[in-house]
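Secondary and tertiary structure notes
For reference, the chains in residue letters:
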Amino acid sequence: MGSFEGKVAVVTGAARGIGRAIAEDLADRGADVVVCDLRKEWLDESVAAVEAKGRKSLAVAVDVGDGDAVNACIKEVMEKFGRIDIMVNNAGITKDTLLIRMSDQDWDDVMRVNLKGTFLFSRAVARPMMKQRSGAIVNIASIIGLIGNAGQANYAASKAGVIALTKSTAKELASRGVRANAIAPGFISSKMTDALSQDVRDQMLANIPMARFGEPEDIAKAVAFLASDEASYVTGQCLSVNGGMVM
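In this text, all values refer to a predicted model and were calculated from it rather than measured experimentally. (Residues numbered from 1 in each chain as written. Predicted model: local features only at pLDDT ≥ 70, side-chain atom pairs only at ≥ 80, totals over all residues. Heavy atoms only, no water.)

With that settled, the discussion passes to helix H2 (residues 44-52). Buried within H2 we find Ser46, Val47, Ala49 and Val50. Angularly, the buried residues of H2 cover 160° about the axis, an arc narrow enough to put them on a single face. Opposite the buried face of H2, by more than 90 degrees, sit the exposed residues Asp44, Glu45 and Ala52. Tucked into the core, H2 has its buried residues touching helix H1 (17-28), strand S2 (32-37) and strand S3 (57-61). (Buried < 20%, exposed > 50% of the residue type's maximum accessible area, 1.4 Å probe, protein only. Helix = DSSP H or I, 4+ residues; strand = E, 2+ residues; numbered from the N terminus. Arc of directions from axis to C-beta. Contact = heavy atoms within 4.5 Å.)

On to the pairing of strand S1 (residues 8-12). Across a regular strand the side chains alternate sides, sitting on one face of the sheet and then on the other. Along S1, five of the five residues are buried, which leaves the element largely enclosed by surrounding structure. Neither face of S1 is left uncovered, since the one carrying Val8, Val10 and Thr12 and the one carrying Ala9 and Val11 both have all their residues buried. Looking at chain direction, S1 and S2 are connected through five bridges and run parallel. Paired with Val11 across the strands is Val35, a residue of S2. (Pairing = 2+ DSSP bridges.)

Estimated volume of the second largest pocket: approximately 170 Å³. Along the wall of the second largest pocket there are 13 residues; nearest its centre are Lys7, Ser134, Gly135, Arg179 and Asp229. (1 Å grid on protein atoms, 1.4 Å probe; cavity = no way out; pocket = protein on both sides within 12 Å on 5 of 7 lines; lining within 4 Å. Points joined across faces, edges and corners; volume = space filled by probe spheres on them.)

What follows is about the packing of helix H4 (residues 104-132) against helix H6 (residues 153-173). Close contact between H4 and H6 brings their axes to 8 Å; oriented N to C, the two are set at 15°. Our classification of the angle between H4 and H6 gives roughly parallel. Along this stretch, H4 crosses H6, giving a crossing that reads as right-handed. Contacts from Asp106, Trp107, Val110, Met111, Asn114, Leu115, Thr118, Phe119, Ala126 and Met130 in H4 reach Ala153, Asn154, Tyr155, Ala157, Ser158, Lys159, Gly161, Val162, Leu165 and Leu173 in H6. Taken together, the residues that form the contact of H4 with H6 break down as 13 nonpolar, five polar and two charged. (Axes fitted to C-alpha atoms, helices over the stretch in contact; angles between N-to-C directions. Parallel < 35°, antiparallel > 145°, perpendicular 65-115°, else oblique. Left-handed = near helix turned anticlockwise from the far one by under 90°. Nonpolar A, V, L, I, M, F, W, Y, C, P; charged D, E, K, R; others polar.)

Attention now moves to the pattern of salt bridges. Close approach of charged atoms allows side chains with opposite charge to pair. Taken as a whole and assessed by the stated rule, the structure comprises 11 salt bridges. Between Arg20 and Glu45 there is a salt bridge, with its nearest N and O atoms 2.9 Å apart. Of this pair, Arg20 sits in helix H1 while Glu45 sits in helix H2, placing them 25 residues apart in sequence. Looking at Glu45, the relative accessible area reads 55%, which means it is exposed. One salt bridge in this structure joins Asp63 and Arg112, with 2.9 Å as the shortest N-O distance. One end of the pair, Asp63, is in the loop between S3 and helix H3 (67-81); the other, Arg112, is in helix H4, with 49 residues separating them in the sequence. Relative accessible area serves as the criterion here: at 26%, Asp63 is assigned to the partly exposed category. One network of salt bridges, in which partners are shared, links Glu5, Asp32 and Arg55. (Salt bridge = Lys/Arg side-chain N within 4 Å of Asp/Glu carboxyl O.)

Take Arg55: it is sitting in the loop between H2 and S3. With a relative accessible area of 18%, Arg55 lands in the buried category. From its side chain, Arg55 meets the backbone oxygen of Gly30 in a polar contact 3.0 Å long. For Arg55, the side chain forms a polar contact with the side chain of Asp32, separated by 3.4 Å. (Polar contact = N/O pair within 3.5 Å; in protein donor to acceptor, adjacent residues only side chain to side chain.)

Examined against the element boundaries, Leu239 turns out to sit in strand S7 (residues 238-241). Classification of Leu239 by relative accessible area gives partly exposed; the value is 34%. For the pair Leu239 and Ala182, spaced 57 residues apart in sequence, the C-alpha to C-alpha distance is 6.2 Å. Contact partners of Leu239, with chain neighbours within four places excluded, come to Ala182, Ile183, Ala184, Ala222 and Leu226.

Given below as structure tokens:
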């Protein structure tokens, strides 16, 4: 894929896991990277990783569900860098329980971060991207948003919403040179999956034709493609990255 030299990326949920892998991969490809998470001290390692690759970085503490905080974040980015070329909406949470036990707060909290947060950042970067007549928004959804899952009604609804939001965003911004796509990861290696019993891991792996969990870097590479010029005619799509679990 081509270089991101001279480009500026913003990544939410960038303190660890998939978000951090995305930030590091974009920096490897030449982008300056703004890393965002709920607390600034969580981002020290992400900033260091980006700067170690010779790129500029900025850590911004932001509650993605707070519109004023999101607008302030993008204002700070524009003041420092003057442009935003890539927006990766990765921040997300889970509060899993069965539907009949799910509280209003469980529902609201997940929707606020996963769906509203994606909306707020997409809205905030739309204007500068439209003005420069270029930009790529990549939203991290989930296979659960495609197939649903017992005990995850709130999460499934939020991620399905992210996919629909992505398609609407793509239709609205395409004429101004701005693309929007989503990625639906499958089971990705993390501290959570590492802590599972072997029996549970085996049950999960039995549903994956490639017989392995994905790595955060697998998602990062997909983000890089969708953000690159190689995907210049790709918009409004949801790319599944799940080892064949959902086809």
